[in-house]
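Observations on chain architecture
Each chain, letter by letter, is given below.
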Amino acid sequence: MDRYTPAQIEAKWQAEWNTADVFKAKADTSKPKYYVLEMFPYPSGNLHMGHVRNYTMGDVIARYKMSTGHNVLHPMGWDAFGMPAENAAMASGGHPKDWTYANIAHMRDQMKPLGLSIDWSREFATCDPEYYGQQQALFLDMLASDLVYRKNAVVNWDPEDMTVLANEQVIDGKGWRSGAEVERRELTQWFFKISDMAGELRGALENLDNWPAKVRLMQENWIGQSRGLQFSFSLINGPDGRDGIEVYTTRPDTLLGASFVGISPDHPLAKQLEEDNADLAAFNAECRKGSTTEEALEKADKMGFDTGLRVRHPLDTSWELPVYVANFILMDYGTGAIFGCPAHDQRDFDFATKYDLPITPIYLPDADSAPELTEAYVPAKTDVVTYVKGFAGEAQQTGAAAVDAAIAFCEGEGVGQGKTQYRLRDWGLSRQRYWGCPIPVVHCDACGVVPERKENLPIRLPDDVSFDIPGNPLDRHPTWRDCDCPSCGKPAQRETDTMDTFVDSSWYYSRFTSPNATTPIDSDEAAYWMNVDQYIGGIEHAILHLLYSRFFARAMHITGHLPASAVEPFDALFTQGMVTHEIYQTRDTKGRPVYHLPEDVTDGKLADGTEVEIIPSAKMSKSKRNVVDPQIIVDTYGADTARWFVLSDSPPERDVEWTASGAEAAHKFLGRVWRLAQDIAQSDAPANDQDDALLRDMHKAIHDVTGGVESFGFNAAIAKIYGFVATLSKSKAGAAAKQEAMRTLAQLIAPMTPHLAEDIWSALGQTGLVVTAPWPVADEKMLVDDTVTLPIQINGKRRSEIAVPADMSKDEIEKLVLADNAVVKALDGGQPKKLIVVPGRIVNVVI
RNA sequence: GCCUGCGUGGUGGAAUGGUAGACACAGGGGACUUAAAAUCCCUAGGCAGGAAUGCCGUGCCGGUUCGAGUCCGGCCGCAGGUACCA
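What counts and how
- Residues numbered from 1 in each chain as written.
- Chains lettered and ligands numbered in written order.
- Predicted model: local features only at pLDDT ≥ 70, side-chain atom pairs only at ≥ 80, totals over all residues.
- Heavy atoms only, no water.
- Helix = DSSP H or I, 4+ residues; strand = E, 2+ residues; numbered from the N terminus.
- Buried < 20%, exposed > 50% of the residue type's maximum accessible area, 1.4 Å probe, protein only.
- Contact = heavy atoms within 4.5 Å.
- Areas by Shrake-Rupley, 256 points an atom, 1.4 Å probe, with all protein chains shown as cover.
- Near = heavy atom within 4 Å.
- Polar contact = N/O pair within 3.5 Å; in protein donor to acceptor, adjacent residues only side chain to side chain.
- Nonpolar A, V, L, I, M, F, W, Y, C, P; charged D, E, K, R; others polar.
- Salt bridge = Lys/Arg side-chain N within 4 Å of Asp/Glu carboxyl O.
- Patch = residues over 30% accessible without salt bridge, like charges linked within 9 Å, V, L, I, M, F, W, Y side chains within 5 Å.
- Lys, Arg positive; Asp, Glu negative; His and termini not counted.
- Charge placed at Lys NZ, Arg CZ, Asp CG, Glu CD.
- Pairing = 2+ DSSP bridges.
- Domains from an automatic or database assignment.
- Axes fitted to C-alpha atoms, helices over the stretch in contact; angles between N-to-C directions.
- Parallel < 35°, antiparallel > 145°, perpendicular 65-115°, else oblique.
- Left-handed = near helix turned anticlockwise from the far one by under 90°.
- Core = buried A, V, L, I, M, F, W, Y, C linked by side-chain atoms within 4.5 Å.
- Expected span 1.5 Å × (residues − 1).
- Phe/Tyr/Trp six-rings, centres within 6.5 Å; stacked < 30°, edge-to-face > 60°.
- Lys NZ or Arg CZ within 6 Å of the ring centre and 35° of its normal.

Further remarks concern the overall build of chain A. Broken down by element type, chain A carries 25 helices and 34 strands. Along the three orthogonal principal directions, the C-alpha set of chain A runs to about 105 × 85 × 70 Å. Counting only residues that meet the buried cut, chain A has 52% of its 847 residues in that class. At a minimum sequence separation of 6, the contacts of chain A that also span at least 24 residues come to 71%. By element, 48% of the accessible surface of chain A is carried by carbon and sulfur atoms, the whole surface being about 38,300 Å².

Spelled out as structure tokens, the structure:
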């Protein structure tokens, strides 16, 4: 008999799809549109299994929607700017542009054999001048609409290489190349005003019904709304020009428990004081060591410096408090100054203990309990506590009620005012790097910061650059930087910072609707195709990329590029898991780990017989060598096997473990289906009494697989297909029924294994392509069973079961249950305490 | 540190609060074959038992419920994010 030969089948059907141009998307108002998008890849050089899984999931949705009468847009592009290209240039010469475009070419070649339903005519890379030129136009429009501004912000500074480092380039507080201790240094940088939209971005999460709840929650917490009091402590002995310190607190109810005021080392007052206080200058310098990450700041030892300044308590002006500079207070949040209440905040408690400051309890669990001062008492804000030093509201109230009362009281006394504050900070977009979108502004001695003229866009990156010394080559380029001021025409300098690559990925989804437009977006195309109906990508993008995209869509609406209906660009979101693999490890003579590629390991041994240590399920990474090259899998088993495997076994939102035996099994199964189709195509068995049972199973399969695909239960859909194939291959039904079942099966597997499906479809004599055939519809009448089996529990444990007609009444079921042998025996002549009958589900007899 | 998830057989996993372990892998047994490969069939959570069956069992501790893998509280472990990796 013939064999299943994916290499031939897949090439053949891909050619057919190309000829018919079935994946080309064109606006067509006669059909409902459906826009499927997977997060576009970074062109690292090689496609990996995570990509295969991500794009296969999107492909299943795209193909399914095509078959249900939708006009589908399913594009692909490249998130092509970023650090790795510069690192490659530094490591091995060459140019980031050449490295990037070569990687794109290679990855496109790896992707095409997968048979994805992508409209390749819309492909672009974010490093194409046609793309980033439009991004520069967007930037200028945002600048004109007051959505962009400049301010100082801290970066990781490597004092030896004299360059700015990314957070991942700081290892244990030291520069990755120089090993020098990193410092936080301030630079003037460009910012998007995302924090102005914090309330809007937070509130609108509520309507994103088709987003995972966890992603919405993560964004909600990230934006972080709080209600508090902003007020001022008056300075008793402040330096010239300073008579108070503005603080923000979310716990004004603890104001009478204040024991110190703390300011950030970057607070203007701290900077002013350090000018003539060498000890404070040294302290601040110590605080500025290390990286800028929140994690590093939070985990750093808590340090304070007594400035000697004193402030008056606003509710009791005879009460004085000391002012400390403390490294755990961030200048970016609130006012950069706080008051400490040690009794009810563990960090303040530790600080007060260390510097011997008073600890005054404000509230207690109940009136009688003596305060224990071994740690801060921090109940939930919703718990009722007893205030012993409150000043507003009831003696017994929740923290939340006391905060509201305290704000009202203080406002009445003229002490500060209530304020809603967000954790979200403005989005710093300046990067001191070459391989990114140039920020289209010019610095002129006479005119200041001047936007480029739109007719001069794109401001292209120069090609003649080198990466032999650290730093941004644009900064030291002999001519690129020099230009004429767009305003006055005198000699001026270009901005040499480029944009954060998150900018590139914050609007690409809308550019796909009109990838060749000479404006950022063609409004007719955007009006037709937006929003993305289904967005698919990794959970690692839950906050930054998705939040920035939501901001950008709003900014693009404000600047007239997107309709109001597109401010939430992603109607539905799905976050998929990673592809993992075992790690094979041996040790060298010094005991250091040595990693081995999966293809070099057989039965836990290397070719020379050395046993390897197996470390289970880790994310595939080059350094651990636990990678499986999709190309090898496609060459060995075919694309359909790779697609089938990454969809089976694990639920899509969870990680999937790649195993060689699993891939082998997927391939065997597809071969079995192919052979079964050949058999059935040639069968001429007459119709018989088995036909009805087979067709009932077929309709159940249609129902279950459809439900699985629609709910992203691809693994569940595949389990049903396994079951249906087993039924079909054992069935004694006639040829006509079997052929109908097989035809339906071809349609059900078409989204997952499209080449195999086409081959079976044509083997069964169908004309046309399965990819354009309408999705089968289950006949409801064929889904209903006449009898159901009810398990009988006795005291919650399964002890027996009965088969009853599906429509039997509760009363009749109860009678049958009480007559059941196991129940009679357990009752031993007595009466049940309770009898619970859940129709169609279960019976529980409580004795 | 903080935010968000996840934790079920030897393995990947299934299970609208309702029969825990579907489906698959690896394993064991068998058929076909001179033999092997390929293919097909059977078996399979643990413990006890010849079997029927019984007991235990979804990271750990406790709670709600007629009934908890699922809901609630506390802990442990792992993963993602933590604003310049993408």
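Turning our eyes to something else, we now look at the protein's contact with RNA strand B. Lining the immediate environment of RNA strand B, one finds 63 residues, of which Asn-167, Glu-294, Arg-433, Arg-672 and Asn-844 sit closest. Restricting attention to atoms of RNA strand B within 4 Å of the protein, one finds that 61% of them are sugar or phosphate atoms. Here Met-83 contributes a backbone N or O atom positioned 3.1 Å from a phosphate oxygen of RNA strand B. Here a phosphate oxygen of RNA strand B sits 2.9 Å away from a polar atom, N or O, in the main chain of Glu-168. Class assignment of the residues belonging to the surface near RNA strand B gives a composition of 22 nonpolar, 16 polar and 25 charged.

Next up on the list: the pattern of salt bridges. The final tally for this structure, using the stated rule, is 29 salt bridges. A salt bridge links Asp-59 to Arg-63, with the nearest nitrogen and oxygen atoms 2.9 Å apart. Within this pair, Asp-59 and its partner Arg-63 are both found in helix 2 (residues 49-67), separated by 4 residues, close to a single helical turn. Side by side, Asp-59 and Arg-63 carry an identical accessibility label, which is buried. Salt bridges linked by common partners bring Glu-200, Arg-550, Arg-554 and Glu-568 together as one network.

With that settled, consider a negative patch on the surface. A grouping of Asp-786, Asp-807, Asp-811 and Glu-812 is seen on the molecular surface, where their side chains present a negatively charged patch. Along the chain, the position of Asp-811 falls in helix 24 (residues 810-819).

Time to look at the sheet that holds strand 3 (residues 148-158). Here 4 strands make up an open sheet; going across it, the order is 4-3-7-18 and the pairing antiparallel. A single partner strand is all that each edge strand has here, and the edge strands are strand 4 (163-165) and strand 18 (427-428).

Taken domain by domain, chain A holds domain 1 (225-422), domain 2 (657-782) and domain 3 (787-846). Here the C-alpha centre of domain 2 lies 67 Å away from the C-alpha centre of domain 1.

So, about the packing of helix 20 (residues 691-710) against helix 21 (residues 714-730). Orientation of helix 20 relative to helix 21, taken along the N-to-C sense of each, is 165°, at an axis distance of 8 Å. Here helix 21 runs roughly antiparallel to helix 20, going by the angle between their axes. Both helix 20 and helix 21 take part in a crossing whose hand is left-handed. Residues Leu-694, Asp-697, Met-698, Ala-701, Asp-704, Val-705, Gly-708 and Val-709 of helix 20 pack against Phe-714, Ala-717, Lys-720, Ile-721, Phe-724, Thr-727 and Leu-728 of helix 21. The residue makeup of the contact of helix 20 with helix 21, split by class, is 10 nonpolar, 2 polar and 3 charged.

In space, the 3 strands of this open sheet follow the order 14-15-16, with antiparallel pairing throughout. Edge strands, defined here as strands with exactly one partner in the open sheet, are strand 14 (363-364) and strand 16 (396-398). As judged from the 2 bridges shared by strand 14 and strand 15 (residues 384-387), these two strands associate in the antiparallel manner. Paired with Tyr-363 across the bridge in strand 15 is Tyr-387. On the sheet, helix 12 (residues 399-413) packs against strand 15 and strand 16 and is oriented at approximately 95° with respect to strand 16.

It is worth spelling out unusual backbone geometry at this point. Excluding glycine, residues mostly have negative phi values, and the peptide bonds linking residues are mostly trans. In this structure, Pro-458 follows Leu-457 across a cis peptide bond, with omega equal to -5°. Mapping Pro-458 onto the fold places it in the loop between strand 21 (448-451) and strand 22 (482-484). Met-530 connects to Asn-531 through a cis peptide bond whose omega is 5°. Examined against the element boundaries, Asn-531 turns out to sit in the loop between helix 15 (523-529) and strand 25 (534-538). Look at Asp-146: it is not a glycine, yet its phi comes out positive at around 65°. In this fold, Asp-146 is placed in the loop between helix 5 (129-144) and strand 3. Located in the positive-phi region is Met-162, a residue other than glycine, with phi close to 55°.

Generally speaking, nonpolar side chains in soluble globular proteins are found buried as a group. One finds Phe-139, Phe-192, Tyr-508, Tyr-509, Phe-551, Phe-552 and Met-742 to be the most contacted residues of the largest nonpolar core, which totals 161 residues. Setting aside chain neighbours within four positions, we find Met-742 in contact with Val-673, Leu-676, Ala-677, Ile-680, Leu-728, Ile-760 and Leu-764. The next biggest cluster of nonpolar side chains, apart from the first, holds 39 residues, and it includes Ile-245, Phe-305, Leu-321 and Phe-391.

Glancing now at helix 12. Given a rise of 1.5 Å per residue, 15 residues ought to cover 21 Å, and the 21 Å separating the end C-alpha atoms of helix 12 matches this to within 8%. Burial in helix 12 covers these residues: Gly-399, Ala-402, Val-403, Ala-405, Ala-406, Ile-407 and Cys-410. At its buried positions, helix 12 is contacted by strand 8 (225-235), strand 15, strand 16 and strand 17 (417-422). The positive-phi residue at the C-terminal boundary of helix 12 is Gly-414, with phi of around 75°.

All right, on to the packing of aromatic side chains then. For the structure shown, the criterion picks out 44 aromatic pairs. Ring geometry for Phe-192 against Phe-552: centres 5.6 Å apart, planes inclined by 90°, an arrangement best described as edge-to-face. Of this pair, Phe-192 sits in strand 7 (residues 183-192) while Phe-552 sits in helix 16 (residues 544-558), placing them 360 residues apart in sequence. For the pair Phe-192 and Phe-552, a shared accessibility class is recorded, and that class is buried. Arranged with centres 6.2 Å apart and planes meeting at 75°, the rings of Phe-260 and Tyr-324 form a pair that is edge-to-face. Placement of Phe-260 in strand 10 (residues 260-263) and of Tyr-324 in strand 12 (residues 316-326) is noted, with a sequence separation of 64 residues between them. Tyr-324 sits in the buried class, given a relative accessible area of 5%. These aromatic residues form a ring-pair network of at least three members: Phe-40, Phe-124, Tyr-131, Trp-507, Tyr-508, Tyr-509, Phe-512, Tyr-535 and Phe-570. Here the guanidinium or amino end of Lys-151 rests over the ring plane of Phe-191, the centre of that ring lying 4.7 Å away. A cation over a ring is seen here: Arg-494 above Trp-480, with NZ or CZ 5.7 Å from the ring centre.

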